Amino acid sequence: MKLSKRLNAINSLITQPLDIIWDCCCDHGFLGMALLERGIAKQINFVDIIPQLMEALEQSLQQFEQGKSLPSWQVRCEDVAQIKLPTDAKQVIVIAGVGGDLCLKLIEQIIANNPHSLKQLSFIICPIMHLYKVRAGLKACNLQLDSEQIIVENKRFYEVLQVSFNATGTITKTGAHMWDKHNPQHYQYQQQLLDHYTRMLNKDRLYYQKVITEYQHCLLYTSPSPRDGLLSR
């Protein structure tokens, strides 16, 4: 199954056999279907709160599995924040394609509701915008960093993070390991973030100037190049 760059990046992060993968806010279920084909987990749970979407997904999955030997799967029409995690399962929760505020809220509620299921749990997330706030929230939850990367898809920038309570990396608010000084697109992303937070200065100058300064330090920042619109290095 051909996946988008974002979904393919998430798919590639899941390399070890798992008991359960939770494909949350799963939309059309393409990621979960690819994971089913790989047989990387004993069970794939597709979770979203929109009934019509989940009814259509269940029909698609029934057709998808015809003639194939696939792991177990469930379509669950429920609030992602209220999912109940088994206590002894090695599992990954994937949350992608939702806003940063909602993504963080879901993670916080899942953690609060499942205090005895966190040891073998990891999250793979790709929220839309507000990554500075999301990262601060993940750090406040005592999560640690497994990996982070910048994905460019259809001229838009996304961050994919893998975090868990057993990882050894430190989550930083602006990302410490995903920036590549040799990739011009990363300078474009940095400039986009700087432009956004500069527009926010009139709301809280002290806070947003701090954010701007931190993002300036991610890559060697000068002024935009008049030749090609990229930041000079």
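The structure this text deals with has already been given above.
(A) How the structure looks around the pairing of strand S3 (residues 72-77). Where strand S2 (residues 41-48) meets S3, six bridges bridge the pair, whose relative direction is parallel. In the strand pairing of S3, Val-47 is matched with Arg-76. Of the crossover connections in this fold, the one passing from S2 over helix H3 (residues 51-64) to the parallel S3 is right-handed.

(B) How the structure looks around unusual backbone geometry. Despite not being glycine, Met-129 shows a phi value in the positive range, around 70°. In this structure Met-129 comes out as partly exposed when scored by relative accessible area, which is 47%. If you check the backbone angles, Asn-154 has positive phi at about 50° while not being a glycine. Within the secondary structure, Asn-154 sits in the loop between strand S6 (144-153) and strand S7 (156-164). Exposure remark for Asn-154: the relative accessible area of 69% places this residue in the exposed category.

(C) Spatial organisation of the packing of helix H4 (residues 100-113) against helix H5 (residues 131-140). Two numbers describe how H4 lies on H5: the axes approach to 9 Å, and their chain directions differ by 10°. Looking at the two axes, H4 sits roughly parallel to H5. Packed against H4, whose contacting residues are Gly-100, Asp-101, Leu-104 and Ile-107, the element H5 presents Lys-133, Val-134, Gly-137 and Leu-138 at the interface. Residue composition of the contact of H4 with H5, grouped by class: four nonpolar, two polar and two charged.

(D) View of the packing of aromatic side chains. Tallied over the full model, the rule gives eight aromatic pairs. Ring centres of Tyr-197 and Tyr-208 lie 5.9 Å apart, and the angle between their planes is 25°; this geometry places the pair in the stacked category. One end of the pair, Tyr-197, is in helix H6 (residues 184-199); the other, Tyr-208, is in helix H7 (residues 205-216), with eleven residues separating them in the sequence. Classification of Tyr-197 by relative accessible area gives buried; the value is 8%. With relative accessibility at 16%, the residue Tyr-208 sits in the buried group.

(E) Looking closely at the pairing of strand S1 (residues 18-24). With respect to burial, S1 is a largely interior element, six of its seven residues being buried. With six bridges joining them, S1 and S2 adopt parallel strand pairing. By the bridge assignment, Ile-21 is partnered in S2 with Ile-44. Here S1 runs beside strand S4 (residues 91-99); their pairing, made up of five bridges, is parallel. Across the sheet, residue Ile-21 finds its bridge partner in S4, namely Val-92.

About the criteria used
- Residues numbered from 1 in each chain as written.
- Predicted model: local features only at pLDDT ≥ 70, side-chain atom pairs only at ≥ 80, totals over all residues.
- Heavy atoms only, no water.
- Pairing = 2+ DSSP bridges.
- Helix = DSSP H or I, 4+ residues; strand = E, 2+ residues; numbered from the N terminus.
- Right-handed = clockwise from strand over helix to strand, strands pointing away.
- Buried < 20%, exposed > 50% of the residue type's maximum accessible area, 1.4 Å probe, protein only.
- Axes fitted to C-alpha atoms, helices over the stretch in contact; angles between N-to-C directions.
- Parallel < 35°, antiparallel > 145°, perpendicular 65-115°, else oblique.
- Contact = heavy atoms within 4.5 Å.
- Nonpolar A, V, L, I, M, F, W, Y, C, P; charged D, E, K, R; others polar.
- Phe/Tyr/Trp six-rings, centres within 6.5 Å; stacked < 30°, edge-to-face > 60°.

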